[in-house]
Amino acid sequence: MTVSKLLEKLSLKLWSDAQQRQAFIQALIDPQPFHPCILWVTERSHQSCFQTIPPLSWQPSCVDRLAVDDRPGKHPLHQQGAYYCLDFSSVFAATTLTAVSSTPQVVLDLCAAPGGKSLLAWRLLHPHLLLSNEVIGKRVGRLISNLKRCQVHPVQVLSADPRSLADHMAQVADVVLVDAPCTGQSLLAKGEAAPGCFHPVSIQHNAKRQRRILANAAELVVPGGYIAYMTCAFSEAEDERVCAWFLRKFPEFEPQHVSLLQDFQSHLTDMPCYRMWPQSRLGAGAFTILFRKRPENVRWSKTDRRSSHPQPNPWLQTHYRWRSHRNKEK
Ligand code: SAM
């Protein structure tokens, strides 16, 4: 298979070591199957259905990796909502949430469809309320159906631009997830298409959008709260450089060390942020970082917060509300 000049150029920026560079390129141009991965949303009582791979030290206990030829999406338990199928890179990216210090009242997933990170946040953090937002209307149905199938509660599904959310409900969440739209370069490692993903215009377009979403996330999170930022792109412009911009622009945020992920520290920066590379053969690849907003000037006392949540801002009532959908069905 031919290697595009743009991929070669990117690999030269990422790796000075020729062997690593070659392994990285190879993983993208000659995709090999990864172990399927499932997130248990009910208690794991069905282990015998699948051949599981011994867990890695950082792997959350609600996640299993399965034998390469297992097809968990075709098992009746999937339809029954016992688990959700996802890429191991998604689990890796969400593992930054293990550094969140206490149970959050509200978690807001800003870029939520089809729902994998919302489910991971719900399982890992047990928030009192999960807000899952997806701005692209035609992707909302799939998000709702996944949350419904897995019986996530309490959850509200929204469909709004992050700017509108920031205008109407500033400081609403203790944890904001930004699983940002990106060039999707890691899709190649799964044999999927990502047209133009190495083109500088596409990279810059995505980086600009990622900065805009993060700037809105900064307004949506309470003092003392967290933003988890992640992408499935490899270009520094979408990852480390977006984070460096964010910290310059919003000095009230600090990146957090995630001890479980220390072996995955990005070699491209000293900032604590983590990368899974496709040549590791664990998953297609991801970038992840956890920011914390300094807790000064906390606006709400604990009691105020408790009375404010999970009663949502009235503005939310105009948007998708999965709970009310579900109630109507009963
Ligand atoms: N978090 C999802 C999951 O784990 O299943 C995957 C999210 S995908 C990487 C990025 C999402 O961001 C897409 O659903 C896309 O529709 C949405 N998106 C696109 N443009 C956006 C924007 N300007 N603001 C917020 N989200 C956007």
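Look up a bit, the structure's there.
To keep things clear, this report deals only with the structure shown in the data block. Every value quoted in this text rests on a predicted model; they were computed, and no experiment measured them.

### A look at the overall build of the chain
The helix and strand tally for the chain stands at 11 helices and 11 strands. In the chain, which comprises 330 residues, the proportion classed as buried is 55%. Considering only contacts in the chain between residues 6 or more positions apart, those separated by 24 or more positions represent 75%. For the chain, the computed accessible surface area is about 15000 Å², with 50% contributed by carbon and sulfur atoms.

### Side note on the packing of helix α1 (residues 5-14) against helix α2 (residues 18-29)
With their axes 9 Å apart at the nearest point, α1 and α2 run at an angle of 140° to one another. Considering the angle they form, α1 stands oblique to α2. Read as a crossing pair, α1 and α2 show a hand that is right-handed. The residues of α2 that touch α1, namely those facing L7, E8, L10, S11, L12 and L14, are R21, F24, I25, L28 and I29. For the contact of α1 with α2, a count of residues per class yields 8 nonpolar, 1 polar and 2 charged.

### Let's talk about α1
Taken as a whole, α1 has its buried residues at L7, L10, S11 and L14. Buried positions in α1, seen along its axis, are confined to an arc of 100° and lie on one side of it. Facing away from the buried side of α1 by over 90 degrees, the exposed positions are K5, L12 and K13. Summarising the contacts, the buried residues of α1 are in contact with α2 and β10 (274-276).

### Focus on the side chain of D70
Secondary-structure assignment places D70 in the loop between β2 (63-65) and α3 (76-79). Here D70 occupies a buried position and makes no salt bridge, while the nearest side chain of opposite charge, R71, is found at 7.3 Å. Among residues more than four places away in sequence, those in contact with D70 are P36, F50 and Q51.

### Here we look at the nonpolar core
Counting 45 residues, the largest nonpolar core has W58, F88, V91, F92, L97, L119 and V152 as its most contacted members. If we ignore the near neighbours within four places in the chain, the residues touching V91 are C37, W58, P60, V63, L86 and L120. Listed in part, the 38 residues of the second largest apolar core include V172, A180, A215 and C273.

Definitions and limits used
Residue numbers here run from 1 along each chain, matching the order of that chain's written sequence. Predicted model: local features are reported for residues with pLDDT of at least 70 only, side-chain atom pairs are reported and counted for 80 or more only, and whole-chain, interface and lining totals are derived from all residues. Only hydrogens and water are set aside when side-chain values are computed; all heavy atoms of the structure are taken into account. Helix and strand assignments come from DSSP, with helices taken as H or I runs of at least 4 residues and strands as E runs of at least 2, each series counted from the N terminus. Buried residues are those whose accessible area, probed at 1.4 Å on protein chains only, stays under 20% of the maximum for their type, while exposed residues exceed 50% and partly exposed ones sit between those limits. Contact definition: two residues touch when any of their heavy atoms are within 4.5 Å. Accessible areas in this description were obtained via Shrake-Rupley with a 1.4 Å probe; residue shielding takes into account the shown protein chains only. Here, axes are lines fitted to C-alpha atoms. For helices the fit covers the stretch in contact, and angles between N-to-C directions go from 0 to 180 degrees. Angles below 35 degrees are treated as roughly parallel, those above 145 as roughly antiparallel, those between 65 and 115 as roughly perpendicular, and all remaining angles as oblique. Note on convention: near helix rotated counterclockwise from far helix by under a right angle means a left-handed crossing. Clockwise means right-handed. In this count, Pro and Cys sit with the nonpolar residues alongside Ala, Val, Leu, Ile, Met, Phe, Trp and Tyr, while Asp, Glu, Lys and Arg are called charged and the others, Gly among them, polar. By construction, the arc corresponds to the directions joining the helix axis to the C-beta atoms. The positive count covers Lys and Arg only, the negative count covers Asp and Glu only, and His and the chain ends enter neither. Any carboxyl oxygen of Asp or Glu that lies within 4 Å of a side-chain nitrogen of Lys or Arg is treated as forming a salt bridge with it. To define a nonpolar core, start from buried Ala, Val, Leu, Ile, Met, Phe, Trp, Tyr and Cys residues and group those joined through side-chain atoms within 4.5 Å.

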